[in-house]
Amino acid sequence: MTKPTALVTGANRGLGTAIVAGLAARGYRVFLGTRNLDAAPTIDGDVHPVELDVDDPGSIDRALAPIDRLDALVNNAAINLDLSPDGPLPATAVTTDAFTRTLRTNVTGLYATTIAALPALRRASTARVVNLTTGLASLDALRDPGSRAATRRLFAYTTSKAAVNALTLLLAHELRPDGILVNAADPGLVATAMNGFTGPQTVEEGARPVLALATETTSTGTLP
């Protein structure tokens, strides 16, 4: 029996590495996307590091070239340029360059990777796409000035993840006829380099909802 195959972007450390390990433990052949192959960790199982920069269409195409069929695509790659050592930056300190870079990686890169992966995803009997998001991007939460989403005020990052939520729903509608399930997962506040390792959850705990959507769900178009 042919192994199911998965690709995880931004997987050379932290949550991405935990997602790769979880998929490998479930019997998947996993392509570990990393911008720098020298930074790829060693993980038990059928794991294959591939050079993948979601900001570079050529890099995306080269990473997908050896993948004939893709059962799961986990869009994990993301950046957060809103944080300083002292906490979230005020809006006046978030430059337009930082804002643009955040949207390019977190939204445009995710979209480009997903579209490029469609031929491989369509060859799977039931393919699943999981986009990583955050509760900070909930518009309902942002309407409440006392919510963590509103008081945290990660201007570029939160905006990018709100766009990811919208893109998740649009892609779910678009790809439903192909049997491709598209959902978004919120791993919660996980201790990673992105937040200075301040989160209360481990990367293994954060990976659980992602793994469930990548391997088990029969739903599409769901947000946390």
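Residues numbered from 1 in each chain as written. Predicted model: local features only at pLDDT ≥ 70, side-chain atom pairs only at ≥ 80, totals over all residues. Heavy atoms only, no water.

## A few points about the pairing of strand β1 (residues 5–8)
Inference 1: Taking every second residue as pointing to the same face, both faces of β1 are buried, with Thr5 and Leu7 on one and Ala6 and Val8 on the other.
Inference 2: Examined bridge by bridge, β1 and strand β2 (residues 29–34) share four bridges and lie parallel to one another. Along β2, the bridge assignment pairs Thr5 with Arg29.
Inference 3: After leaving β1, the chain enters helix α1 (residues 14–25) and then returns to the sheet as β2, a path that is right-handed.
Inference 4: Pairing of β1 with strand β4 (residues 72–75) involves three bridges; the strand directions are parallel. From the neighbouring strand, Ala6 faces β4, where its bridge partner is Ala72. (Buried < 20%, exposed > 50% of the residue type's maximum accessible area, 1.4 Å probe, protein only. Helix = DSSP H or I, 4+ residues; strand = E, 2+ residues; numbered from the N terminus. Pairing = 2+ DSSP bridges. Right-handed = clockwise from strand over helix to strand, strands pointing away.)

## Some points on the side chain of Thr17
Inference 1: Along the chain, Thr17 turns up in helix α1.
Inference 2: Taking the relative accessible area as the measure of exposure, Thr17 reaches 17% and is therefore buried.
Inference 3: Look past the residues within four positions of Thr17 in its chain and what remains in contact with it is Ala11, Asn12, Pro41 and Ile43. (Contact = heavy atoms within 4.5 Å.)

## Some remarks on the layout of surface pockets
Inference 1: Of the volumes computed, that of the second largest pocket is approximately 180 Å³.
Inference 2: Along the walls of the second largest pocket sit 13 residues, with Ala137, Ser138, Leu139, Asn165 and Leu223 positioned nearest its centre.
Inference 3: Per element, the largest residue contribution to the lining of the second largest pocket is four residues, and it comes from helix α6 (residues 155–175).
Inference 4: For the lining of the second largest pocket, a count of residues per class yields seven nonpolar, five polar and one charged. (1 Å grid on protein atoms, 1.4 Å probe; cavity = no way out; pocket = protein on both sides within 12 Å on 5 of 7 lines; lining within 4 Å. Points joined across faces, edges and corners; volume = space filled by probe spheres on them. Nonpolar A, V, L, I, M, F, W, Y, C, P; charged D, E, K, R; others polar.)

## As for the nonpolar core
Inference 1: With 28 residues, the main nonpolar core has Leu7, Leu70, Leu73, Leu121, Ile180 and Val182 as its most contacted residues.
Inference 2: Elements with a minimum of two residues in this core: α2 (57–64), α3 (96–122), β7 (127–132), α6 and β8 (180–185).
Inference 3: By residue number, the principal contributor to this core is α3, which donates six residues.
Inference 4: Setting aside its immediate chain neighbours within four residues, Val182 contacts Val129, Asn131, Thr168, Leu171, Ala172, Leu175, Thr220, Gly221 and Thr222.
Inference 5: With 26 residues, the next largest nonpolar core counts Ala11, Leu32, Val190 and Val203 among its residues. (Core = buried A, V, L, I, M, F, W, Y, C linked by side-chain atoms within 4.5 Å.)

## Let's talk about α1
Inference 1: Relative to the 16 Å expected for twelve residues at 1.5 Å per residue, α1 spans 17 Å between its end C-alpha atoms, a close match to the ideal helical length.
Inference 2: In terms of burial, α1 is a largely internal element, nine of the twelve residues being buried.
Inference 3: Every buried residue of α1 is listed here: Leu15, Gly16, Thr17, Ala18, Ile19, Val20, Gly22, Leu23 and Ala24.
Inference 4: Against the buried residues of α1 lie β1, β2, β3 (47–51), β4, β7 and α7 (203–215).
Inference 5: Following α1 by one or two positions, Gly27 has its phi on the positive side, about 90 degrees. (Expected span 1.5 Å × (residues − 1).)

## Focus: the pattern of salt bridges
Inference 1: Scanning the entire structure with this criterion turns up seven salt bridges.
Inference 2: For Asp178, the salt bridge goes to Arg122, with nearest N and O atoms at 3.1 Å. Linking Asp178 in the loop between α6 and β8 with Arg122 in helix α3, this pair joins segments that are 56 residues apart in sequence.
Inference 3: When its relative accessible area of 35% is taken as the criterion, Asp178 is described as partly exposed.
Inference 4: By relative accessible area, Arg122 is classed as partly exposed at 46%.
Inference 5: Here Arg143 and Asp140 are joined by a salt bridge, their closest N and O atoms 2.6 Å apart. In this pair, Arg143 and Asp140 both sit in helix α4 (residues 139–143), three residues apart, roughly one turn of the helix. Like Asp140, Arg143 is exposed. (Salt bridge = Lys/Arg side-chain N within 4 Å of Asp/Glu carboxyl O.)

## Digging into the sheet that holds β4
Inference 1: Read from one edge to the other, the open sheet built from six strands follows the order β3-β2-β1-β4-β7-β8, with strand pairing classed as parallel. Each end of this open sheet is capped by a strand with a single partner; those strands are β3 and β8. The average undirected angle you get between the axes of adjacent strands in this sheet is 15 degrees.
Inference 2: Across the sheet, α6 is in contact with β7 and β8; its angle to β8 comes to roughly 165 degrees.
Inference 3: Against the sheet, α7 makes contact with β4, β7 and β8, and its axis sits at roughly 155 degrees relative to β7, the strand it touches most. (Axes fitted to C-alpha atoms, helices over the stretch in contact; angles between N-to-C directions.)

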